Amino acid sequence: GQFSLVDVSLPKLGALRGLYLFYISKVIPLLSRVFTNNPESYKMLGIYSKNFKNAQKTAELFKESGLNVQYCEYFFGCATGIYGTKPA
């Protein structure tokens, strides 16, 4: 089988990190209140990004489980992903 996931992440660049955290912590929850019926879901994006930073630890856990895993960064580190396969 094959798998992939992309998740919000904390960029490494200091200036971008501050802007991005403001965007996902303040702007996205505000927009979600206006446009969705479930604003609570989006409130956690900033908290999650600050605490977990990126998908690198998840990739390591998947590798330890015996999966073939590749880790990649998107949009200057604002998102990270892993993809791979289960060995036959």
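It should be noted that the structure appears before, not after, this text.
Source: prediction; values computed, not measured. (Residues numbered from 1 in each chain as written. Predicted model: local features only at pLDDT ≥ 70, side-chain atom pairs only at ≥ 80, totals over all residues. Heavy atoms only, no water.)

Novice: Talk me through helix α1 (residues 14-35); I want residue IDs and the actual numbers.
Specialist: Its 22 residues place the ends of α1 30 Å apart at the C-alpha level, agreeing with the 32 Å of an ideal helix rising 1.5 Å per residue. At Tyr-23, α1 shows its maximal kink, close to 35°. The complete set of buried residues in α1 reads Tyr-20, Leu-21, Ile-24, Ile-28, Pro-29 and Ser-32. Contact partners of the buried residues in α1: β1 (2-8) and α2 (40-52). (Helix = DSSP H or I, 4+ residues; strand = E, 2+ residues; numbered from the N terminus. Expected span 1.5 Å × (residues − 1). Bend = angle between axes of the 7 residues up to and from the residue. Buried < 20%, exposed > 50% of the residue type's maximum accessible area, 1.4 Å probe, protein only. Contact = heavy atoms within 4.5 Å.)

Novice: Please give an account of the environment of Glu-40 that cites residues and values.
Specialist: Inspection of the secondary structure assignment puts Glu-40 in helix α2. Sequence-wise, Glu-40 and Pro-29 are 11 residues apart; in three dimensions their C-alpha atoms are separated by 7.7 Å.

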